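# Tertiary structure, described
The lines below spell out each chain.
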Amino acid sequence: MQFRQKALSKLQSPEELDLPVRFARPQGRLVLAVTVLVMAAAAYWTFTGTVTSKLTAPGILTHTEGRYLLQSPVAGQVTEVLVAEGATVQEGQPLVVVRTGQGDEKVRALAAGRLTALYARTGAVLPTGADVATVERTGGPHDPLVAVLYVPGGSASALRKGARVDLTVTSVARDTYGVLRGRVTEVGRAPQTKAQIGGFLGDDGLAAAFTRQGNPVAVLVALDRSAATASGYAWSSAEGPPYTVESGTPVSGSVHLSSQRPVDWLLP
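First, a word on scope: everything that follows refers to the structure included in this document. Please read all numbers here as calculations on a predicted model, not as lab measurements.

Rules used throughout
- Residues numbered from 1 in each chain as written.
- Predicted model: local features only at pLDDT ≥ 70, side-chain atom pairs only at ≥ 80, totals over all residues.
- Heavy atoms only, no water.
- Pairing = 2+ DSSP bridges.
- Helix = DSSP H or I, 4+ residues; strand = E, 2+ residues; numbered from the N terminus.
- Phe/Tyr/Trp six-rings, centres within 6.5 Å; stacked < 30°, edge-to-face > 60°.
- Buried < 20%, exposed > 50% of the residue type's maximum accessible area, 1.4 Å probe, protein only.
- Contact = heavy atoms within 4.5 Å.
- 1 Å grid on protein atoms, 1.4 Å probe; cavity = no way out; pocket = protein on both sides within 12 Å on 5 of 7 lines; lining within 4 Å.
- Points joined across faces, edges and corners; volume = space filled by probe spheres on them.
- Nonpolar A, V, L, I, M, F, W, Y, C, P; charged D, E, K, R; others polar.

## Some details on the sheet that holds strand β3 (residues 76-81)
Strand pairing in a sheet is mediated by backbone hydrogen bonds. Such pairs are either parallel or antiparallel. Read from one edge to the other, the open sheet built from four strands follows the order β6-β5-β3-β8, with strand pairing classed as antiparallel. Two strands lie at the open edges of the sheet, namely β6 (103-108) and β8 (125-126), each paired on one side alone. Bridge count for β3 against β8 is two bridges, and the pairing is antiparallel. In the sheet register, G76 faces β8, and the bridge partner there is L126.

So, in structure tokens, the structure goes:
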């Protein structure tokens, strides 16, 4: 009964219009201001911002002409090795001598280049078709390196010439020297088979690794040059590693795809 009397008394009292009205505490006004600023920034970015995605694929540093695997056309015993690994050889130059039932035969280079691997050893007995050497085709010691990435076939359509590429080199400490810079120059028209990749790289093991998830598309990446680094190429760090990078080094490439608007607006 007492509560009801207080309620009736309050209803019958005049409105307290002369008292000041307190809208919000200072803390509340600060939270409101921050919320408004965040919403304004989000709206601005929605209209003007872009999203850049990346596509990552494995690859290798090499020269544009690739390599070839030299195999023995005859069976017999290796009696002499005429060159050493790392040597530059000319087309038709003899690399090893194989003694056969008909006499000594010389196994010759099929094309000019650098001898990157020598499998034949003096005294070894070779069957016909045995691996003798891997030769990298080059026009000279100053030919620039390129990177070849092997991208899944379904993703290659998103790549464009000129796209920026960051290359993580397995032989270089990324935390210390950063990544190698480059740009896409060619995108293959069709997926490559294991045999095609093996023929270009001169290495069936690498070909098997690159085709493990299916036949990929080859993407050629030109490396940015720099006179300020020991390697002669541009890195994300100022100087890069204090040594050169070698052909045949595995890499992982992150290709920057085209920037896209976060929201597509449909106007009537």
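## Details of the packing of aromatic side chains
Taken as a whole and assessed by the stated rule, the structure comprises one aromatic pair. A centroid spacing of 4.6 Å and a plane angle of 25° characterise the contact between Y150 and F210, whose relative ring orientation is stacked. Separated by 60 residues along the polypeptide, Y150 in strand β10 (residues 146-152) and F210 in helix α5 (residues 204-210) bring together distant segments of the chain. Taking the relative accessible area as the measure of exposure, Y150 reaches 3% and is therefore buried.

## What about the pairing of strand β7 (residues 113-118)?
Along a regular strand, successive side chains alternate from one face of the sheet to the other. Taking burial as the measure, the six residues of β7 include five buried ones, the bulk of the element. The sheet contact formed by β7 and strand β9 (residues 131-136) spans four bridges and is antiparallel. Residue pairing for β9: A117 is matched across the bridge by T134.

## Considerations on the environment of A124
Looking at the element boundaries, A124 is found in the loop between β7 and β8. The exposure class assigned to A124 is partly exposed, which follows from its relative accessible area of 26%. Distance in space between the C-alpha atoms of A124 and Q77 is 5.6 Å, their sequence separation being 47 residues. In contact with A124, other than residues within four places in its own chain, are G76, Q77 and V78.

## What about the layout of surface pockets?
Here the second largest pocket is characterised by a volume of approximately 150 Å³. Lining the second largest pocket are T64, V148, Y150, E186, V187, G188, Q192, F200, A218, V219 and L220. Counting residues per element, the ones that place at least two in the lining of the second largest pocket are β10, β12 (180-187) and β13 (216-223). For the lining of the second largest pocket, the element with the highest residue contribution is β13, accounting for three residues. Here the lining of the second largest pocket is built from residues that sort into seven nonpolar, three polar and one charged.

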